[in-house]
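Examination of the molecular architecture
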Amino acid sequence: MSDMITADEARKLFRDLTMEDDNFFTMCLEGDNECTSLILRIILDRNDLTVLKSSTQKWFQNLTGHSAKLDIWARDEKWNLYDIEIQREKAGASSRRARFYSAVMDTRSLGKGESYDNLPESYVIFITHEDTIGDGQAIYEIGRYVKGTWRDYGDGSAPVRCI
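Throughout what follows, the structure given in this document is the object of discussion.

The rules we used
- Residues numbered from 1 in each chain as written.
- Predicted model: local features only at pLDDT ≥ 70, side-chain atom pairs only at ≥ 80, totals over all residues.
- Heavy atoms only, no water.
- Helix = DSSP H or I, 4+ residues; strand = E, 2+ residues; numbered from the N terminus.
- Buried < 20%, exposed > 50% of the residue type's maximum accessible area, 1.4 Å probe, protein only.
- Contact = heavy atoms within 4.5 Å.
- Areas by Shrake-Rupley, 256 points an atom, 1.4 Å probe, with all protein chains shown as cover.
- Lys, Arg positive; Asp, Glu negative; His and termini not counted.
- Charge placed at Lys NZ, Arg CZ, Asp CG, Glu CD.
- Phe/Tyr/Trp six-rings, centres within 6.5 Å; stacked < 30°, edge-to-face > 60°.
- Lys NZ or Arg CZ within 6 Å of the ring centre and 35° of its normal.
- Core = buried A, V, L, I, M, F, W, Y, C linked by side-chain atoms within 4.5 Å.
- Polar contact = N/O pair within 3.5 Å; in protein donor to acceptor, adjacent residues only side chain to side chain.
- Salt bridge = Lys/Arg side-chain N within 4 Å of Asp/Glu carboxyl O.

**A closer look at the overall build of the protein**
For the protein, the helix and strand inventory stands at 4 helices and 6 strands. When the helices and strands of the protein are read in sequence order from the N terminus, they spell out α-α-α-β-β-β-α-β-β-β. Overall, the C-alpha framework of the protein stretches about 60 × 40 × 35 Å when taken along its three principal axes. Of all 163 residues assigned to the protein, the portion counted as buried reaches 36%. Expressed as a percentage of contacts within the protein between residues at least 6 apart in sequence, the contacts between residues at least 24 apart total 51%. As displayed, the protein has an accessible area near 10,800 Å², and 52% of this comes from carbon and sulfur atoms. Between the mean site of the 21 positive side-chain charges and the mean site of the 28 negative ones, the protein shows a separation of 5 Å.

**Considering the packing of aromatic side chains**
Within the structure shown, the criterion is met by 2 aromatic pairs. Between F100 and Y101 the ring centres are 6.3 Å apart and the planes differ by 55 degrees, which places this aromatic pair in the tilted class. Owing to a relative accessible area of 29%, F100 belongs among the partly exposed residues under this scheme. A residue is classified by how much of its surface remains accessible, and Y101, at 9% relative accessible area, is buried. Taking NZ or CZ as reference, K58 lies 5.5 Å from the ring centre of W73, over its face.

**Notes on the environment of M105**
On the secondary structure map, M105 appears in helix α4 (residues 95–107). Taking the C-alpha atoms as reference, M105 lies 9.7 Å from A68; in sequence the two are 37 residues apart. With sequence-adjacent residues up to four places away left out, M105 is seen in contact with L70, W73, L81, Y82, D83, S122, Y123 and V124.

**A word on the nonpolar core**
Formed by 16 residues in total, the largest nonpolar core has its most connected members in F25, L40, L44, Y82, I84 and I125. When residues of this core are assigned to their parent elements, the largest contribution, 4 residues, is made by helix α3 (residues 33–44). Discounting chain neighbours no more than four positions away, the residues touching F25 are M19, I39, I72, I84 and I86. Core analysis: the second largest hydrophobic core is formed by 12 residues, L81, A93, M105 and F126 among them.

**Details of the side chain of S37**
Relative to the helices and strands, S37 resides in helix α3. Among the polar contacts made by the side chain of S37, one reaches the main-chain carbonyl oxygen of N33 at a distance of 2.8 Å. Leave out the neighbours within four places in its chain, and S37 touches L49, T50 and V51.

**Considering the pattern of salt bridges**
Scanning the model with the defined rule gives 4 salt bridges in all. Residue D48 pairs with R46 through a salt bridge whose shortest N-O separation is 3.0 Å. Here R144 ties to D155 by a salt bridge, and the two come within 2.7 Å at their closest N and O atoms. On the criterion of sequence distance, the pair formed by R144 in the loop between β5 (140–142) and β6 (160–162) and D155 in the loop between β5 and β6 is long-range, its members being 11 residues apart. Exposure remark for D155: the relative accessible area of 26% places this residue in the partly exposed category. Linked through salt bridges whose partners overlap, the residues forming this network are R46, D48 and K78.

Shape is all these values report; function is a separate question.
Here you go:
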């Protein structure tokens, strides 16, 4: 007995897939810098962004603590870092997960003894099936601001975007 699917089963499978499907999304973008650039340009409303390197299902192993697997990890021409997460389930799009993934990217972006001033800007983007924050917005930007003045804190952690 073969594990192969029939042509009709394959057509149904592909007809039901969307870019919200984590596996389909990552397979479509694997190593495709041009497509990843286009998606980031649209999401971030920037025409000047060019991805130099992108990887899907990028593992960041930690020997003594929690590891992370980023759906899409990318670096642009200014060495800024991007993590794009596809999340169908509300529980997976938590604010603490976004914070952790941002920290994972930060810890991997400086060499030993390198100045903190060389830390690149980083973006964590969650594309979700439903409004995980619940305020009825299509896009949310979550950033670090100085309380009271609401000025950007300026630490290079660009706003988290939830779409």
